[in-house]
Amino acid sequence: MAEVQGIVNELATKLRKRKVEGSRETARLTAELFRTVISQQRVTSAALVEVVRDVGQQLIAANPVELAVGNIVRRVLRIIRDSDLSLEVGGLTLVPQGDDGDIVEEDDKPFMLSDAISQTILHQPSLVAQLESKPNLVRHFEGKADKTPRSWQFKHQIIEGVNDLIEDINTCHEQIADQALELIHQNEVILTLGHSRTVKKFLYAAKEKKRSFQVYVAEGAPKHLGHVLAKELAEKHLQTTVISDSSVFAIISRVNMVIVGVHAVMANGGVIAPVGMNMVALAAKKYAVPFVVVAGTHKLCPLFPNNPEVLLNDMRCPSELLSFGEFSDCMDYSIGSGAPLLNVVNPAFDYVPPELVSLFVTEIGGYHPSYIYRLISDYYSSEDLVLQQKPAS
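Along each chain, the written sequence defines residue order, and numbers are assigned to residues from 1. Two thresholds apply to this predicted model, a pLDDT of at least 70 for residue-level local features and 80 or more for giving and counting side-chain atom pairs, whereas whole-chain, interface and lining totals are computed over all residues. Excluded from the side-chain calculations are hydrogens and water; all other atoms, namely the structure's heavy atoms, are used.

- Going by an unreviewed UniProt entry, the protein carries the name Translation initiation factor eIF2B subunit beta and comes from Rubus argutus.

### Quick look at a positive patch on the surface
Logical step 1: In this analysis, a patch consists of residues with relative accessible area above 30% that form no salt bridge, clustered at 9 Å for like charges and at 5 Å for the nonpolar side chains Val, Leu, Ile, Met, Phe, Trp and Tyr. Note that accessible areas follow from Shrake-Rupley with a 1.4 Å probe, and for residues the cover is restricted to the protein chains shown. Just to be clear on terms, a salt bridge is a Lys or Arg side-chain nitrogen sitting within 4 Å of an Asp or Glu carboxyl oxygen. Asp and Glu are treated as the negative residues and Lys and Arg as the positive ones, with His and the ends of the chain left uncounted. By convention, the charge on Lys lies at NZ, on Arg at CZ, on Asp at CG and on Glu at CD. Among the surface-exposed residues, K14, R16, K17 and K19 lie close enough to one another that they form a single positively charged patch.
Logical step 2: Within the fold, K19 resides in the loop between α1 (2–16) and α2 (23–39).
Logical step 3: Working definition: with a 1.4 Å probe on protein chains only, accessible area under 20% of the residue-type maximum means buried, over 50% means exposed, and in between means partly exposed. Since its relative accessible area comes to 61%, K19 is described here as exposed. Counting from the N terminus, the helices are DSSP H or I runs at least four residues long and the strands are E runs at least two residues long.

### Topic: a nonpolar patch on the surface
Logical step 1: On the surface, F249, L282 and Y287 cluster together into a nonpolar patch covering about 280 Å² of accessible area.
Logical step 2: Its location among the elements puts Y287 in the loop between α12 (277–286) and β9 (291–294).
Logical step 3: A residue is classified by how much of its surface remains accessible, and Y287, at 42% relative accessible area, is partly exposed.

### With respect to the sheet that holds strand β7 (residues 264–265)
Logical step 1: One bridge is not enough; two strands pair if DSSP finds at least two bridges between them. Sheet architecture is open: three strands sit in the order β7-β8-β12, paired in antiparallel fashion. Each end of this open sheet is capped by a strand with a single partner; those strands are β7 and β12 (349–352).
Logical step 2: With two bridges joining them, β7 and strand β8 (residues 271–274) adopt antiparallel strand pairing. Within β8, the position partnered with V265 by the bridge is V271.
Logical step 3: Where α12 meets the sheet, its contacts fall on β8 and β12, and the angle it forms with β12 comes to roughly 35°. For this analysis, residues touch if any pair of their heavy atoms sits within 4.5 Å. All axes here are fitted lines through C-alpha atoms, helices being fitted over the stretch that makes contact, and every angle between N-to-C directions spans 0 to 180 degrees.

### Remarks on the packing of helix α7 (residues 150–177) against helix α9 (residues 197–208)
Logical step 1: For the pair α7 and α9, interaxial distance at closest approach is 8 Å and the crossing angle is 40°. Classified by the angle between their axes, α7 and α9 sit oblique to one another. In the crossing of α7 with α9, the sense of the turn from one axis to the other is right-handed. Residue-level inspection shows H173, E174, I176 and A177 of α7 in contact with α9, the latter providing R197, T198, K201, F202 and A205.
Logical step 2: In terms of residue class, the contact of α7 with α9 is built from four nonpolar, two polar and three charged. Angles below 35 degrees are treated as roughly parallel, those above 145 as roughly antiparallel, those between 65 and 115 as roughly perpendicular, and all remaining angles as oblique. The hand of a helix crossing depends on one turn: near helix anticlockwise from the far one by less than a right angle means left-handed, and clockwise means right-handed. All residues other than Ala, Val, Leu, Ile, Met, Phe, Trp, Tyr, Cys, Pro, Asp, Glu, Lys and Arg, Gly among them, are scored as polar; the first ten of these are nonpolar and the last four charged.

### Observations concerning unusual backbone geometry
Logical step 1: Put simply, A221 and P222 share a cis peptide bond, and its omega is 5°.
Logical step 2: A positive phi angle, near 55°, is found at H224, a position not held by glycine.
Logical step 3: Relative to the elements of secondary structure, H224 occurs in the loop between β4 (214–218) and α10 (225–235).

### Points about the sheet that holds strand β5 (residues 239–243)
Logical step 1: Strand order across the open sheet formed by seven strands is β5-β4-β3-β6-β9-β13-β14, with mixed pairing between neighbours. Edge strands, defined here as strands with exactly one partner in the open sheet, are β5 and β14 (365–367). Each strand axis lies, on average, 25° off the axis of its neighbour in the sheet, ignoring direction.
Logical step 2: One ladder, built from five bridges, connects strand β3 (residues 189–193) with β4; its direction is parallel. For V189, the partnering residue across the bridge sits in β4 and is Q214.

If you want it as structure tokens, here you go:
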């Protein structure tokens, strides 16, 4: 346990010091940490849920702004609950039966309880209710008893689920990029803001398929990461133009589509994105330009923007806007407290409401903002929406 706690503390320190770059890397490291933690724990559902919650709270507290951590914690908890439920029915397989009593093969796959669960909206029905919802089912028990101990099978199934989650995180950029040709057409003009690896690979994929198009990159002040993206696109021989953030409204009438990456996708279909994104979304709405968000499912957050657990913003260092020399000249030393006459506010994020988003492109397909709640019900359990334990009164 000491070794596991050491690994947890190491990742928590990285999160606290902002040494993990990007939500995808954060999600991957978090999932890999839970794989290690689970492999060294007692194999009972209640014990694993408690341990995962405890570790998750430590990681979330280290950097509450990084919502991907909480998303992965909840995904792992869902995997544990689904694995426990699937083993509760033991070797029971449900096979659909026709009116004449013959077994009906449906894509050569039996009906699985997990499929029924995934169709619910954050409320898991009882096992009895699931069975009663399929009247034409015949129960077939396995002829041979499972020789594998239940505890080993339970742990193996959970670790296998976490491995699948890690694989999805690792390949999400490529799977999203595979859909580029469906959205980007010949001779179109694309607008993006700042620097997003998902957007970059999306545009790369369209270029590699011989699509000819032009990209406007809003620079993304104050860090101006759009300059980095523009250089990378130009190196791939994409026709690229850098514009200031304030000129988005002046340019948007020439644009066919806005494609952006975001920090998090909320349960209502709104997004938390780099600062300046709301202005871009408003410009797109004003000129009827599609506003497309590309994001992996690890960025789907089952919380709403008004949830207390959600920190909608992160105030960055003022030095990104003004040098210390400029700022120090505006200090009032006459009152002895060094109170500033000039305040610098440097928020990192914008909130973009769902009505300004046209389409979400994920590794599993494209979805309208109104469908996000269905995706969330597939990935999260209602029991795990609130991870922080309430203090005893």
